[in-house]
Amino acid sequence: MIASILPTYSRAPLTFVSGEGSWLTEADGRRFLDLGAGIAVNALGHAHPALVAALSGQANALWHVSNLYNIPAQQQLADALVDKTFADTVFFTNSGTEACELAVKMARKYWYDKDQPERTEIITFSGSFHGRSSAGIAAAGSEKMTKGFGPLLPGFTHLEFGDHDALQAAVSDKTAAIMVEPVQGEGGIRPLPDACLKGLRDLCDAHGILMILDEVQCGMGRTGKLFAHEWAGVTPDIMMVAKGIGGGFPLGAVLATQTAASGMTAGTHGSTYGGNPLACAVGAKVMEIVADDAFLSEVNRKAGLMRQKLEGLVAAHPDVFEAVRGSGLMLGLKCKVANSDFVTAGFAKGVLTVPAADNVVRLLPALNIPDEDIGLAADKLDAAASHVKEANA
Ligand SMILES: Cc1ncc(COP(=O)(O)O)c(C=O)c1O
């Protein structure tokens, strides 16, 4: 008989009942150091007092009114995002996949309104992940995600990550946009070199193509800048955001320039829950804390410490790991053993990590993880590596 929860997930045999900072606790009191942060969602750890206060304050005042009316917390968050980024305007969603839906619609509508309705093609890259909606799976295009779900939304051209010649050749007068993650998350923590992001921007400018960045996983302070593209000194036309922006409350957004958003007039898009008062009250508080130079410089310092510990770990366990990669606190351990074996060994040692493609284990801790917990993380990861090595001997 089918499980009462649709069996689309393979879950670890762990059940957490409470969380605080970088720690999660099971009912029997067993504590785990959380280096996954709900897959880059709990940007400020679990039960951050300022977020709990923002959520409970809003919960006591008003939960939901719909977008038929003004929502002050939504306005506050939109103004903060516009103030701190390239964007002129923001649409709020509940998830990253919904942000992908709108990014695709926005890019196509832009060209439609410019009397070039044939310009609908969106170029994407291998290893990418843009969500599980019909547009999201068509955008990523991998067989794993699309098999059995056809007919797929047409209009995506999939290229090899890093194949510059193929990119030049693929651009045509049908190209509406290029969509890319500055650091691939699900694809195995693969950063796009700054020079490539700059090159993409130049290519887009040369052909009038819109640049869509998917910063759902790598944005909101994760790489040590508010958004990852800032490292390359370029700005997108459209950007997808989710995960960390809600700090654990479902929230996503599409940020855009006035020009890129010009087709999205009244009635062209909407969402019942998107920009809900509860989500935006939390999001506004997350923004207030994360979009701060002192906070981001601490993220960079912690990232340096974490990276140093991980380099030591790789050197100490050459049979288990190949290398460390990533940016800021979006780090990956490329494994020689099966990444899932290492993740499971971590459970036995009280540490949570997340597998990714390319046999990588992801480390996406809370951005405010205490230095002491970084030290404990190194010890626990070391113990897990020894455990895997013994099991494989
Ligand atoms: C880069 C990227 N885009 C989009 C998504 C989809 O976001 P969501 O799961 O919130 O729909 C994810 C989720 O992992 C992601 O990592």
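Structure's up top.
Residues numbered from 1 in each chain as written. Predicted model: local features only at pLDDT ≥ 70, side-chain atom pairs only at ≥ 80, totals over all residues. Heavy atoms only, no water.

1. As for helix H11 (residues 339–348)
Then step 1. Within H11, the full set of buried residues consists of Asn339, Phe342, Val343, Ala345, Gly346 and Phe347.
Then step 2. Among the residues trailing H11, Gly350 stands out with phi positive, at a value near 75 degrees. (Buried < 20%, exposed > 50% of the residue type's maximum accessible area, 1.4 Å probe, protein only. Helix = DSSP H or I, 4+ residues; strand = E, 2+ residues; numbered from the N terminus.)

2. Considerations on the sheet that holds strand E14 (residues 330–335)
Then step 1. Taking strand neighbours across the sheet as the criterion, the four strands line up as E13-E14-E17-E16 in an open arrangement whose pairing is antiparallel. A single partner strand is all that each edge strand has here, and the edge strands are strand E13 (321–327) and strand E16 (354–356). Neighbour to neighbour, the strand axes of the sheet diverge by 30 degrees on average, direction disregarded. (Pairing = 2+ DSSP bridges. Axes fitted to C-alpha atoms, helices over the stretch in contact; angles between N-to-C directions.)

3. Side note on the site of the ligand
Then step 1. The local shell around the ligand consists of Ser95, Gly96, Thr97, Phe129, His130, Gly131, Glu181, Glu186, Asp214, Val216, Gln217 and Lys243.
Then step 2. Between the ligand and the protein, one listed contact pairs an oxygen atom with a backbone N or O atom of Gly96 at 2.8 Å.
Then step 3. With respect to the ligand, the side chain of Gln217 contributes an N or O atom lying 2.8 Å from an oxygen atom.
Then step 4. Protein contact buries 83% of the 390 Å² of open area that the ligand shows by itself.
Then step 5. In terms of residue class, the shell around the ligand is made up of two nonpolar, six polar and four charged. (Near = heavy atom within 4 Å. Polar contact = N/O pair within 3.5 Å; in protein donor to acceptor, adjacent residues only side chain to side chain. Areas by Shrake-Rupley, 256 points an atom, 1.4 Å probe, with all protein chains shown as cover. Nonpolar A, V, L, I, M, F, W, Y, C, P; charged D, E, K, R; others polar.)

4. Re the pairing of strand E5 (residues 121–125)
Then step 1. The buried fraction of E5 is high, at four of five residues.
Then step 2. In terms of strand pairing, E5 meets strand E7 (residues 175–180) through three bridges, oriented parallel. By the bridge assignment, Ile122 is partnered in E7 with Ala177.
Then step 3. Of the strand pairs in this sheet, E5 and strand E6 (residues 156–159) are connected by four bridges, and their pairing is parallel. Pairing of Thr124 across the sheet is with His158, part of E6.

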